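# Structure assessment
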Amino acid sequence: MSREPVYATLTALVRAITTAQGLRTTYRGTENIPREGGVVLAVNHTAYLDFMQVGLVARQGKRRVRFMMKKELERNPIVGFLMRHCKAIGVDREAGAQSYQAAVQSLRDGELVCVYPEATISRSFELKRFKSGAARMSLEANVPIVPVAIWGAQRVMTKDIPRAVGRHNFPIHIAVGPPIAPHGTPDQLTAELRTAMDIALNAAQNGYQHPVGARWVPRRLGGTAPTLDEALKIEEAERAARKSRSAD
(Lines give C-alpha, C1' and ligand atoms only; values in the text may rest on other atoms or scores of the structure.)
Protein backbone atom coordinates (compact mmCIF):
# COMPACT_ATOMS: atom_id res chain seq x y z
CA MET A 1 0.00 0.00 0.00
CA SER A 2 1.16 3.53 -0.74
CA ARG A 3 1.86 5.77 2.22
CA GLU A 4 -1.05 7.84 3.51
CA PRO A 5 0.16 9.45 6.74
CA VAL A 6 -3.20 10.98 7.72
CA TYR A 7 -5.00 7.66 7.20
CA ALA A 8 -2.30 5.85 9.19
CA THR A 9 -2.60 8.37 12.03
CA LEU A 10 -6.39 8.06 12.05
CA THR A 11 -6.13 4.25 12.14
CA ALA A 12 -3.76 4.46 15.10
CA LEU A 13 -6.23 6.78 16.86
CA VAL A 14 -9.10 4.34 16.27
CA ARG A 15 -7.00 1.51 17.68
CA ALA A 16 -6.18 3.62 20.73
CA ILE A 17 -9.88 4.40 21.29
CA THR A 18 -10.94 0.76 21.02
CA THR A 19 -8.12 -0.25 23.38
CA ALA A 20 -9.16 2.41 25.90
CA GLN A 21 -12.75 1.15 25.73
CA GLY A 22 -11.56 -2.42 26.17
CA LEU A 23 -13.38 -3.58 23.04
CA ARG A 24 -12.55 -7.23 22.33
CA THR A 25 -12.87 -7.78 18.60
CA THR A 26 -13.18 -11.22 17.03
CA TYR A 27 -12.78 -11.50 13.26
CA ARG A 28 -14.13 -14.30 11.08
CA GLY A 29 -13.60 -14.70 7.34
CA THR A 30 -11.18 -11.82 6.76
CA GLU A 31 -9.50 -13.98 4.11
CA ASN A 32 -12.56 -13.17 1.98
CA ILE A 33 -11.39 -9.58 1.50
CA PRO A 34 -9.53 -9.42 -1.85
CA ARG A 35 -6.02 -8.09 -1.35
CA GLU A 36 -6.17 -5.94 -4.46
CA GLY A 37 -8.62 -4.49 -6.96
CA GLY A 38 -11.89 -2.66 -6.57
CA VAL A 39 -14.30 -4.02 -3.95
CA VAL A 40 -17.68 -2.90 -2.63
CA LEU A 41 -17.63 -3.53 1.12
CA ALA A 42 -21.30 -3.88 2.12
CA VAL A 43 -21.79 -3.47 5.87
CA ASN A 44 -24.80 -3.69 8.20
CA HIS A 45 -25.51 -0.52 10.18
CA THR A 46 -26.43 -0.67 13.86
CA ALA A 47 -24.30 2.04 15.51
CA TYR A 48 -22.94 5.54 15.10
CA LEU A 49 -19.34 4.40 15.49
CA ASP A 50 -19.36 1.14 13.56
CA PHE A 51 -17.27 2.86 10.88
CA MET A 52 -14.32 2.33 13.22
CA GLN A 53 -14.77 -1.43 13.01
CA VAL A 54 -15.10 -1.14 9.22
CA GLY A 55 -11.69 0.49 9.03
CA LEU A 56 -10.13 -2.14 11.27
CA VAL A 57 -11.59 -5.08 9.36
CA ALA A 58 -10.29 -3.59 6.12
CA ARG A 59 -6.84 -3.46 7.68
CA GLN A 60 -7.14 -7.17 8.40
CA GLY A 61 -7.19 -7.59 4.62
CA LYS A 62 -4.30 -5.11 4.30
CA ARG A 63 -6.65 -2.61 2.63
CA ARG A 64 -7.74 0.95 3.21
CA VAL A 65 -11.42 1.69 3.04
CA ARG A 66 -12.93 4.69 1.29
CA PHE A 67 -16.06 5.88 3.09
CA MET A 68 -19.04 7.60 1.51
CA MET A 69 -19.85 10.54 3.78
CA LYS A 70 -22.26 13.47 3.73
CA LYS A 71 -20.66 16.19 1.62
CA GLU A 72 -21.75 18.93 4.01
CA LEU A 73 -19.30 17.48 6.56
CA GLU A 74 -16.51 18.91 4.40
CA ARG A 75 -17.41 22.33 5.82
CA ASN A 76 -16.07 21.24 9.21
CA PRO A 77 -12.33 22.10 9.20
CA ILE A 78 -11.26 18.91 10.96
CA VAL A 79 -13.65 16.47 9.27
CA GLY A 80 -13.07 18.12 5.90
CA PHE A 81 -9.31 17.71 6.32
CA LEU A 82 -9.73 14.04 7.18
CA MET A 83 -12.11 13.45 4.28
CA ARG A 84 -9.70 14.96 1.77
CA HIS A 85 -6.65 13.13 3.04
CA CYS A 86 -8.41 9.80 3.53
CA LYS A 87 -10.02 9.92 0.07
CA ALA A 88 -13.56 9.87 1.43
CA ILE A 89 -16.33 10.23 -1.15
CA GLY A 90 -18.63 13.17 -0.46
CA VAL A 91 -22.31 12.33 -0.89
CA ASP A 92 -24.39 15.28 -2.04
CA ARG A 93 -28.12 14.61 -1.75
CA GLU A 94 -28.78 17.30 -4.35
CA ALA A 95 -26.31 15.71 -6.79
CA GLY A 96 -26.61 12.01 -6.06
CA ALA A 97 -25.55 10.94 -9.55
CA GLN A 98 -22.25 12.77 -9.19
CA SER A 99 -21.51 11.09 -5.83
CA TYR A 100 -22.45 7.70 -7.27
CA GLN A 101 -20.12 8.14 -10.25
CA ALA A 102 -17.30 9.21 -7.92
CA ALA A 103 -17.74 5.95 -6.01
CA VAL A 104 -17.78 3.92 -9.23
CA GLN A 105 -14.59 5.63 -10.38
CA SER A 106 -12.91 4.83 -7.06
CA LEU A 107 -13.86 1.18 -7.55
CA ARG A 108 -12.46 1.21 -11.07
CA ASP A 109 -9.27 2.70 -9.63
CA GLY A 110 -8.92 -0.37 -7.42
CA GLU A 111 -10.24 1.09 -4.17
CA LEU A 112 -12.29 -0.62 -1.46
CA VAL A 113 -15.47 1.44 -1.01
CA CYS A 114 -17.73 1.03 2.04
CA VAL A 115 -21.48 1.06 1.44
CA TYR A 116 -24.28 0.69 4.00
CA PRO A 117 -27.10 -0.96 1.97
CA GLU A 118 -29.62 -0.13 4.71
CA ALA A 119 -28.65 3.57 4.39
CA THR A 120 -29.52 4.38 8.02
CA ILE A 121 -29.04 2.77 11.42
CA SER A 122 -31.36 -0.15 12.14
CA ARG A 123 -33.16 0.44 15.43
CA SER A 124 -34.29 -3.19 15.47
CA PHE A 125 -30.69 -4.38 14.91
CA GLU A 126 -32.12 -6.62 12.22
CA LEU A 127 -31.38 -6.11 8.52
CA LYS A 128 -33.65 -3.46 7.05
CA ARG A 129 -34.74 -3.25 3.43
CA PHE A 130 -31.68 -2.81 1.20
CA LYS A 131 -31.10 0.00 -1.27
CA SER A 132 -29.72 -1.11 -4.64
CA GLY A 133 -26.70 1.23 -4.69
CA ALA A 134 -24.14 -1.40 -3.70
CA ALA A 135 -25.31 -3.76 -6.43
CA ARG A 136 -25.43 -1.04 -9.07
CA MET A 137 -21.89 0.06 -8.22
CA SER A 138 -20.67 -3.51 -8.36
CA LEU A 139 -22.22 -4.07 -11.78
CA GLU A 140 -21.11 -0.77 -13.30
CA ALA A 141 -17.52 -1.02 -12.03
CA ASN A 142 -17.43 -4.81 -12.58
CA VAL A 143 -16.09 -5.52 -9.10
CA PRO A 144 -17.21 -7.96 -6.36
CA ILE A 145 -19.26 -7.18 -3.27
CA VAL A 146 -17.98 -8.45 0.08
CA PRO A 147 -20.67 -8.71 2.80
CA VAL A 148 -19.62 -7.71 6.33
CA ALA A 149 -21.65 -8.02 9.52
CA ILE A 150 -20.61 -6.18 12.71
CA TRP A 151 -22.23 -7.18 15.99
CA GLY A 152 -21.93 -5.55 19.40
CA ALA A 153 -21.09 -2.00 18.31
CA GLN A 154 -24.68 -0.95 19.09
CA ARG A 155 -23.87 -1.37 22.78
CA VAL A 156 -21.51 1.62 22.63
CA MET A 157 -23.50 4.29 20.78
CA THR A 158 -26.70 3.96 18.79
CA LYS A 159 -30.15 5.49 18.49
CA ASP A 160 -32.52 5.65 21.47
CA ILE A 161 -30.10 3.96 23.93
CA PRO A 162 -27.89 5.82 26.45
CA ARG A 163 -24.26 5.95 25.36
CA ALA A 164 -21.77 3.66 27.10
CA VAL A 165 -18.84 5.89 27.96
CA GLY A 166 -15.53 4.84 29.47
CA ARG A 167 -14.05 1.37 29.56
CA HIS A 168 -16.77 -1.24 29.19
CA ASN A 169 -14.95 -4.28 27.70
CA PHE A 170 -17.71 -5.13 25.23
CA PRO A 171 -17.00 -7.92 22.73
CA ILE A 172 -17.35 -7.06 19.05
CA HIS A 173 -17.89 -9.85 16.53
CA ILE A 174 -17.17 -9.24 12.83
CA ALA A 175 -17.99 -11.80 10.14
CA VAL A 176 -16.92 -11.40 6.51
CA GLY A 177 -18.66 -13.44 3.84
CA PRO A 178 -17.27 -14.68 0.50
CA PRO A 179 -17.10 -12.16 -2.36
CA ILE A 180 -20.15 -11.98 -4.61
CA ALA A 181 -19.27 -11.59 -8.28
CA PRO A 182 -21.14 -8.89 -10.26
CA HIS A 183 -23.92 -10.55 -12.24
CA GLY A 184 -27.61 -10.36 -13.02
CA THR A 185 -29.78 -7.29 -12.53
CA PRO A 186 -29.39 -4.79 -9.67
CA ASP A 187 -32.48 -6.24 -7.97
CA GLN A 188 -31.22 -9.82 -8.30
CA LEU A 189 -27.78 -8.91 -6.99
CA THR A 190 -29.30 -6.92 -4.12
CA ALA A 191 -31.41 -9.93 -3.11
CA GLU A 192 -28.35 -12.18 -3.20
CA LEU A 193 -26.40 -9.65 -1.15
CA ARG A 194 -29.11 -9.49 1.49
CA THR A 195 -29.10 -13.27 1.83
CA ALA A 196 -25.31 -13.24 2.20
CA MET A 197 -25.53 -10.44 4.78
CA ASP A 198 -28.09 -12.43 6.75
CA ILE A 199 -25.71 -15.40 6.82
CA ALA A 200 -22.83 -13.15 7.93
CA LEU A 201 -24.97 -11.55 10.65
CA ASN A 202 -25.97 -14.93 12.04
CA ALA A 203 -22.29 -15.91 12.07
CA ALA A 204 -21.38 -12.71 13.93
CA GLN A 205 -24.16 -13.31 16.48
CA ASN A 206 -23.15 -16.93 16.99
CA GLY A 207 -21.54 -17.37 20.40
CA TYR A 208 -22.39 -13.81 21.51
CA GLN A 209 -24.11 -13.53 24.90
CA HIS A 210 -27.54 -11.92 24.56
CA PRO A 211 -29.08 -11.09 27.96
CA VAL A 212 -32.84 -11.57 28.05
CA GLY A 213 -34.62 -8.22 28.10
CA ALA A 214 -31.58 -6.16 27.03
CA ARG A 215 -32.48 -3.10 24.93
CA TRP A 216 -29.64 -3.69 22.45
CA VAL A 217 -30.74 -7.28 21.77
CA PRO A 218 -33.20 -7.99 18.89
CA ARG A 219 -36.66 -9.20 19.86
CA ARG A 220 -36.12 -12.62 18.23
CA LEU A 221 -33.08 -13.19 20.50
CA GLY A 222 -34.98 -12.34 23.68
CA GLY A 223 -34.26 -8.62 23.83
CA THR A 224 -36.53 -5.58 23.90
CA ALA A 225 -35.36 -3.76 20.77
CA PRO A 226 -38.19 -2.67 18.47
CA THR A 227 -39.24 -5.10 15.77
CA LEU A 228 -38.61 -4.11 12.15
CA ASP A 229 -42.22 -2.93 11.82
CA GLU A 230 -42.08 -0.95 15.06
CA ALA A 231 -38.78 0.65 14.05
CA LEU A 232 -40.25 1.61 10.66
CA LYS A 233 -43.13 3.42 12.37
CA ILE A 234 -40.65 5.37 14.52
CA GLU A 235 -38.71 6.39 11.42
CA GLU A 236 -41.88 7.44 9.60
CA ALA A 237 -42.88 9.60 12.58
CA GLU A 238 -39.43 11.22 12.58
CA ARG A 239 -39.64 12.00 8.86
CA ALA A 240 -43.08 13.51 9.31
CA ALA A 241 -41.80 15.67 12.18
CA ARG A 242 -38.82 16.90 10.12
CA LYS A 243 -41.10 17.70 7.20
CA SER A 244 -43.41 19.63 9.50
CA ARG A 245 -40.53 21.64 10.97
CA SER A 246 -39.13 22.50 7.55
CA ALA A 247 -42.56 23.70 6.43
CA ASP A 248 -42.86 26.15 9.36
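Read on for an overview of the structure. This is a predicted model, so every value here is computed, not measured.

## Notes on the overall build of the protein chain
- Helix and strand content of the protein chain: 7 helices and 7 strands.
- In terms of overall dimensions, the protein chain has a C-alpha envelope of 45 × 45 × 40 Å along the principal axes.
- Here the protein chain holds 248 residues, and the buried ones make up 48% of them.
- In the protein chain, the proportion of contacts linking residues at least 24 apart, taken out of those at least 6 apart, comes to 73%.
- Of the charged side chains in the protein chain, 35 are positive and 23 negative, and the gap between their average positions amounts to 6 Å.

## Re the side chain of Arg155
- Mapped onto the elements, Arg155 comes out in the loop between β6 (145-151) and β7 (171-176).
- As a buried residue without a salt bridge, Arg155 has its nearest oppositely charged side chain in Asp50, at a separation of 14 Å.
- With sequence-adjacent residues up to four places away left out, Arg155 is seen in contact with Ala164, Phe170, Pro171, Tyr208 and Trp216.

## Looking at the pattern of salt bridges
- Counting across every chain of the model gives 6 salt bridges.
- Put simply, Glu111 and Arg66 hold a salt bridge, and the shortest N to O gap is 3.0 Å. Pair noted here: Glu111 is in the loop between α4 (96-108) and β5 (112-115) and Arg66 is in strand β3 (residues 65-70), with a separation of 45 residues, a long-range link.
- Here Glu111 falls in the buried class, since its relative accessible area comes to 16%.
- Relative accessible area serves as the criterion here: at 3%, Arg66 is assigned to the buried category.
- In this structure, Lys128 engages Glu235 in a salt bridge whose closest nitrogen and oxygen atoms are separated by 3.1 Å. On the criterion of sequence distance, the pair formed by Lys128 in the loop between β5 and α5 (133-141) and Glu235 in helix α7 (residues 228-247) is long-range, its members being 107 residues apart.

## A word on the side chain of His173
- Among the structural elements, His173 can be located in strand β7.
- In terms of polar contacts, His173 uses its side chain to reach the backbone carbonyl oxygen of Ala204, at 2.9 Å.
- His173 has contacts with Thr26, Arg28, Ala149, Ile150, Trp151, Ala204, Asn206, Gly207 and Tyr208, leaving out every residue within four places of it along the chain.

## Some thoughts on the environment of Leu127
- In this structure, Leu127 sits in the loop between β5 and α5.
- Using a relative accessible area of 4% as the deciding quantity, one classes Leu127 as buried.
- Counting along the chain gives 78 residues from Leu127 to Leu49, while the straight-line C-alpha distance between them is 17 Å.
- Here Leu127 is in contact with Asn44, Glu118, Arg194, Met197, Asp198, Leu201 and Leu228, once residues within four sequence places are set aside.

## Some details on a positive patch on the surface
- Residues Arg129, Lys131, Arg239, Arg242 and Arg245 make up a contiguous surface patch of positive charge.
- As for its placement among the helices and strands, Arg239 is situated in helix α7.

## A closer look at the packing of aromatic side chains
- Summed over all chains, the structure comprises 2 aromatic pairs.
- For the pair Phe51 and Phe67, a centre-to-centre distance of 6.3 Å together with 90° between the ring planes defines the contact as edge-to-face. Linking Phe51 in helix α2 (residues 50-60) with Phe67 in strand β3, this pair joins segments that are 16 residues apart in sequence.
- The exposure class of Phe51 is partly exposed, given its relative accessible area of 37%.
- Between Tyr208 and Trp216, the ring centres sit 5.8 Å apart and the planes meet at 75°, which makes this aromatic pair edge-to-face.
- For Tyr208, a relative accessible area of 6% gives the class buried.

Calculation criteria
Residues numbered from 1 in each chain as written. Predicted model: local features only at pLDDT ≥ 70, side-chain atom pairs only at ≥ 80, totals over all residues. Heavy atoms only, no water. Helix = DSSP H or I, 4+ residues; strand = E, 2+ residues; numbered from the N terminus. Buried < 20%, exposed > 50% of the residue type's maximum accessible area, 1.4 Å probe, protein only. Contact = heavy atoms within 4.5 Å. Lys, Arg positive; Asp, Glu negative; His and termini not counted. Charge placed at Lys NZ, Arg CZ, Asp CG, Glu CD. Salt bridge = Lys/Arg side-chain N within 4 Å of Asp/Glu carboxyl O. Polar contact = N/O pair within 3.5 Å; in protein donor to acceptor, adjacent residues only side chain to side chain. Patch = residues over 30% accessible without salt bridge, like charges linked within 9 Å, V, L, I, M, F, W, Y side chains within 5 Å. Areas by Shrake-Rupley, 256 points an atom, 1.4 Å probe, with all protein chains shown as cover. Phe/Tyr/Trp six-rings, centres within 6.5 Å; stacked < 30°, edge-to-face > 60°.

Scope: geometric values only; no functional claims are made or implied.
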